Amino acid sequence: MAYQTLTVEIDDYVALIRLNRPEALNALNSQLMGELAEATAEADRNEKVRCIVLTGSEKAFAAGADIKEMSGKSFVEVYNENIFGDEIDRITATRKPIIAAVSGYALGGGCELAMACDFILCADNAKFGQPEINLGVIAGIGGTQRLTRFVGKSKSMEMHLTGRFMDAAEAERSGLVSRVVPAAKLIPEALATAKKIAEKGQIAVATAKEAVNRAYETTLREGVLFERRSFQALFATEDQKEGMAAFLEKREPQFRDR
Ligand code: HXC
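Residues numbered from 1 in each chain as written. Predicted model: local features only at pLDDT ≥ 70, side-chain atom pairs only at ≥ 80, totals over all residues. Heavy atoms only, no water.

The name given to the chain in an unreviewed UniProt entry is Enoyl-CoA hydratase, and the organism recorded there is Paracoccus simplex. Recorded in UniProt under Sequence similarities (unreviewed entry), the annotation for the chain is "Belongs to the enoyl-CoA hydratase/isomerase family." (UniProt positions renumbered as here; feature names shortened; annotations may be inferred.)

Okay, structure coming up:
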């Protein structure tokens, strides 16, 4: 499908989705969020895709929700539209892993979108922030919840109350991103990481994603039980037999996703 606010390239089982509204630093408007939800769902259905990389431009992953589009709306309008609620739910429902590759600004809804992915790799010029407080509002697509789980209450509260930005080093130190790489290497590194994931057995990949997400969505006891049963269930797959046999035979595994 052709999109106007983003591009999708598929190569070697990896879909690279680039947000593409350069005139507004990739601000998230309703068209972009609708197209992104559709593009991730399409990648989820596509057998030629095993992992997704979501990125923006070098200057901005996304500078937040589109303030021009939002500014005149009433409570009733944003309530009835459930602004971006359905779209972000569809994006987080993607079963295949999504890596956010963040260069430049990831602010407001942009920071929230990155956090809604499975993990964040960032460039050394990345800047994260929840500056909605400066607009008289607060985060609206998960920021108060996800940032707090990533970096803890104290830093999250400070970020949301002051609107200050966090640089790449602080983001790595505080656990918001998995790794920082030089800006010029961000996309190659994100694609190489995605490719590494694409080479694994995809049933185990999907199960690992589900199990790690349980850590955010349930109690420790329930999460550990979910993991235990999922681990046991993987012994019903051919990939488990192949993976363990390959190790014992000192060769590379040939996973067949069954
Ligand atoms: C609409 C935006 C935008 C945004 C930037 N632009 N951010 N348009 N919505 N969020 C536009 C500018 O208006 C400008 O357009 C062009 O992009 C370039 O931006 P500049 O400000 O000129 O660039 P610069 O001086 O480099 O500053 C970059 C910036 C700044 C620091 C990122 O643009 C900024 O502070 N943006 C807003 C960040 C923000 O408040 N985000 C939170 C939004 S609320 P023109 O036409 O003038 O050239 C939110 C809520 C989420 O995200 C919840 C939703 C449910």
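Colleague: Whenever I open this one, unusual backbone geometry confuses me. Can you help?
Modeller: Glycine aside, residues mostly have negative phi angles, and peptide bonds mostly take the trans form. Here L25, not a glycine, exhibits a phi torsion of approximately 50 degrees, which is positive. Take L25: it is sitting in the loop between strand 2 (14-19) and helix 1 (30-45). Even without being a glycine, K250 presents a positive backbone phi close to 55 degrees. Secondary-structure assignment places K250 in the segment after helix 12 (238-248). Residue classification places K250 among the exposed positions, given a relative accessible area of 77%. (Helix = DSSP H or I, 4+ residues; strand = E, 2+ residues; numbered from the N terminus. Buried < 20%, exposed > 50% of the residue type's maximum accessible area, 1.4 Å probe, protein only.)

Colleague: It is not clear to me how the sheet that holds strand 3 (residues 51-55) should be interpreted in this structure. Could you clarify?
Modeller: In a beta sheet, neighbouring strands are held together by backbone hydrogen bonds and run either parallel or antiparallel to one another. Spatially, the six strands line up as an open sheet ordered 1-2-3-5-7-10, and their pairing is mixed. Strands with a single pairing partner mark the edges of an open sheet, and in this sheet they are strand 1 (6-11) and strand 10 (179-181). Going from strand to strand, the sheet's axes swing by 20 degrees on average, the running direction of each strand aside. (Pairing = 2+ DSSP bridges. Axes fitted to C-alpha atoms, helices over the stretch in contact; angles between N-to-C directions.)

Colleague: In this structure, what is going on with the sheet that holds strand 9 (residues 165-167)? I would like to understand it.
Modeller: Strand order in the open sheet formed by four strands is 4-6-8-9, and the pairing between neighbours is mixed. For this open sheet the edge positions go to strand 4 (60-62) and strand 9, each flanked by a neighbour on one side alone. Averaged over all pairs of adjacent strands, the angle between their axes in this sheet comes to 20 degrees, without regard to strand direction. As judged from the three bridges shared by strand 6 (residues 105-107) and strand 8 (residues 127-129), these two strands associate in the parallel manner. Residue pairing in the sheet places Y105 in a bridge with K127 of strand 8. Contacts between helix 5 (residues 109-116) and the sheet are confined to strand 4, strand 6 and strand 8, with strand 6 contributing the most and set at about 95 degrees to the helix. (Contact = heavy atoms within 4.5 Å.)

Colleague: Whenever I open this one, the site of the ligand confuses me. Can you help?
Modeller: Around the ligand lies a shell of 24 residues, among which K59, A63, A65, I67 and G109 are the nearest. A63 places a main-chain nitrogen or oxygen 3.0 Å from a nitrogen atom of the ligand. One nitrogen or oxygen atom from the main chain of I67 is found 2.9 Å from a nitrogen atom belonging to the ligand. For the ligand, whose accessible area on its own is 1000 Å², the fraction buried by protein is 66%. If you list the elements that add at least two residues to the shell around the ligand, you get helix 2 (67-70), strand 6 and helix 5. (Near = heavy atom within 4 Å. Polar contact = N/O pair within 3.5 Å; in protein donor to acceptor, adjacent residues only side chain to side chain. Areas by Shrake-Rupley, 256 points an atom, 1.4 Å probe, with all protein chains shown as cover.)

Colleague: I'm lost on the environment of Y79 in this one. Help?
Modeller: Relative to the helices and strands, Y79 resides in helix 3 (residues 75-81). Between the C-alpha atoms of Y79 and F119, which are 40 residues apart in sequence, the distance is 29 Å.

Colleague: Looking at this model, I keep getting lost on helix 11 (residues 220-233). Mind explaining?
Modeller: One turn of an α-helix holds 3.6 residues; hence residues three or four places apart share an orientation. If you check helix 11, its first and last C-alpha atoms are 20 Å apart, about what 14 residues at 1.5 Å a residue would give, namely 20 Å. Along helix 11, the residues that are buried comprise G223, F226 and S230. Looking down the long axis of helix 11, one finds its buried residues gathered within 60 degrees of arc, a one-sided arrangement. Those residues of helix 11 that are exposed and angled more than 90 degrees off the buried face are L220, R221, R229 and F231. Tucked into the core, helix 11 has its buried residues touching helix 10 (202-217). (Expected span 1.5 Å × (residues − 1). Arc of directions from axis to C-beta.)

Colleague: Is there a simple way to think about the pattern of salt bridges in this case?
Modeller: Note on pairing: side chains with opposite charge can pair once their charged atoms come close. Tallied over the entire structure, the rule returns 17 salt bridges. Residue R21 is joined to D66 by a salt bridge in which the shortest nitrogen-to-oxygen separation is 2.8 Å. One end of the pair, R21, is in the loop between strand 2 and helix 1; the other, D66, is in the loop between strand 4 and helix 2, with 45 residues separating them in the sequence. The same class applies to R21 as to D66, namely buried. (Salt bridge = Lys/Arg side-chain N within 4 Å of Asp/Glu carboxyl O.)

Colleague: I would appreciate a short explanation of a nonpolar patch on the surface in the present structure.
Modeller: Taken together, I67, L135 and V137 make up a surface patch of nonpolar side chains, about 260 Å² in accessible area. Turning to its location among the elements, V137 is positioned in the loop between strand 8 and helix 6 (143-151). (Patch = residues over 30% accessible without salt bridge, like charges linked within 9 Å, V, L, I, M, F, W, Y side chains within 5 Å.)

Colleague: So what exactly am I meant to see when it comes to the side chain of E35 here?
Modeller: Here E35 lies in helix 1. Lacking a salt bridge, the buried E35 has R21 as its closest oppositely charged neighbour, with an N-O distance of 8.8 Å. Setting aside chain neighbours within four positions, we find E35 in contact with Y3, Q4, T5 and L6. (Lys, Arg positive; Asp, Glu negative; His and termini not counted.)

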